[in-house]
Amino acid sequence: GVPYRYGGDSETGIDCSAFTRRVYRPQDVELPRTSREQAAIGFGVADQIMRPGDLVFFDASITGRISHVGVYLGNGMFAHASSSRGVTKSNIREKYYMKRFVKADRIFEP
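## A few points about the overall build of the chain
Turning to step 1, where the next piece is worked out: Within the chain one finds 3 helices and 8 strands.
Turning to step 2, where the next piece is worked out: Against the 2.2 N^0.38 benchmark of 13 Å for 110 residues, the chain shows a C-alpha radius of gyration of 13 Å, consistent with a compact globule.
Turning to step 3, where the next piece is worked out: Judged by the C-alpha coordinates and their principal axes, the chain covers about 35 × 35 × 25 Å.
Turning to step 4, where the next piece is worked out: A buried classification covers 44% of the 110 residues belonging to the chain.
Turning to step 5, where the next piece is worked out: Long-range contacts, defined here as pairs at least 24 residues apart, represent 46% of the contacts in the chain between residues at least 6 apart.
Turning to step 6, where the next piece is worked out: In the form shown here, the chain has an accessible surface area of approximately 6,100 Å², with 53% of it arising from carbon and sulfur atoms.
Turning to step 7, where the next piece is worked out: Taken together, the 16 basic and 12 acidic charged side chains of the chain have centroids lying 6 Å from each other.

Here is the structure:
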């Protein structure tokens, strides 16, 4: 329910990469600031074997560059800071997200 704010990192407004940073911080993992930088760490996992806690990356504008990140919850659902809905859950199988999905990364050792 927290509203989206580009570059935001508080309860008054947060962007997608700040959201994932806040999710991982209690696990003593400090993620980089941007979704593109976050996509450069961890190790890739096939979408068929994603598990809760994996980061999921999207090319929101379909320009060939990662521009959005969320945290996979399981059963096709992920949590993220949506520019239109704020912090929310979405289904990765929705047409919009399927078209823009780039990859999933696991931060913790398998």
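From this point, the discussion proceeds with the structure in view.
## Overview of the nonpolar core
Turning to step 1, where the next piece is worked out: Among the nonpolar cores identified, the biggest contains 17 residues, and Phe 19, Tyr 24 and Leu 55 are the most heavily contacted of them.
Turning to step 2, where the next piece is worked out: Looking at this core, the elements with two or more residues in it are α1 (16-24), β4 (55-58), β5 (68-74) and β6 (77-82).
Turning to step 3, where the next piece is worked out: If you tally residues by element for this core, the top one is α1, at 4 residues.
Turning to step 4, where the next piece is worked out: Filtering out sequence-adjacent residues up to four positions away, Tyr 24 remains in contact with Val 29, Leu 31, Gly 53, Asp 54, Leu 55, Val 71, Ile 107 and Phe 108.

## Re the pattern of salt bridges
Turning to step 1, where the next piece is worked out: Inspection of every chain in the model, using the stated rule, returns 7 salt bridges.
Turning to step 2, where the next piece is worked out: For the salt bridge of Arg 33 with Asp 15, the shortest nitrogen-to-oxygen distance reads 3.2 Å. Within this pair, whereas Arg 33 is found in the loop between α1 and α2 (35-38), its partner Asp 15 is found in the loop between β2 (13-14) and α1, the two being separated by 18 residues in sequence.
Turning to step 3, where the next piece is worked out: Residue Arg 33 is classed as partly exposed on the basis of its relative accessible area, which comes to 28%.
Turning to step 4, where the next piece is worked out: The partner of Arg 21 in a salt bridge is Glu 30, and the shortest N-O contact between them spans 2.9 Å.
Turning to step 5, where the next piece is worked out: In this structure Arg 21 comes out as buried when scored by relative accessible area, which is 14%.
Turning to step 6, where the next piece is worked out: Among the charged side chains, a network of salt bridges with common partners joins Asp 9, Glu 11 and Arg 22.

## Things to note about the pairing of strand β7 (residues 86-91)
Turning to step 1, where the next piece is worked out: Here β6 pairs with β7 via 6 bridges, running antiparallel. Residue pairing for β7: Ser 82 is matched across the bridge by Gly 86.

## As for the sheet that holds β7
Turning to step 1, where the next piece is worked out: Strand order in the open sheet made by the 6 strands is β3-β8-β4-β5-β6-β7, with antiparallel pairing throughout. A single partner strand is all that each edge strand has here, and the edge strands are β3 (43-45) and β7. Averaged over all neighbouring strand pairs, the angle between strand axes comes to 35°, with direction disregarded.
Turning to step 2, where the next piece is worked out: As judged from the 3 bridges shared by β3 and strand β8 (residues 101-106), these two strands associate in the antiparallel manner. Counted as the bridge partner of Gly 44 is Asp 105 from β8.
Turning to step 3, where the next piece is worked out: Across the sheet, α1 touches β4, β5, β6 and β7, and the angle it forms with β5 is around 45°.

About the thresholds
- Residues numbered from 1 in each chain as written.
- Predicted model: local features only at pLDDT ≥ 70, side-chain atom pairs only at ≥ 80, totals over all residues.
- Heavy atoms only, no water.
- Helix = DSSP H or I, 4+ residues; strand = E, 2+ residues; numbered from the N terminus.
- Rg over C-alpha atoms; globule rule 2.2 N^0.38 Å.
- Buried < 20%, exposed > 50% of the residue type's maximum accessible area, 1.4 Å probe, protein only.
- Contact = heavy atoms within 4.5 Å.
- Areas by Shrake-Rupley, 256 points an atom, 1.4 Å probe, with all protein chains shown as cover.
- Lys, Arg positive; Asp, Glu negative; His and termini not counted.
- Charge placed at Lys NZ, Arg CZ, Asp CG, Glu CD.
- Core = buried A, V, L, I, M, F, W, Y, C linked by side-chain atoms within 4.5 Å.
- Salt bridge = Lys/Arg side-chain N within 4 Å of Asp/Glu carboxyl O.
- Pairing = 2+ DSSP bridges.
- Axes fitted to C-alpha atoms, helices over the stretch in contact; angles between N-to-C directions.

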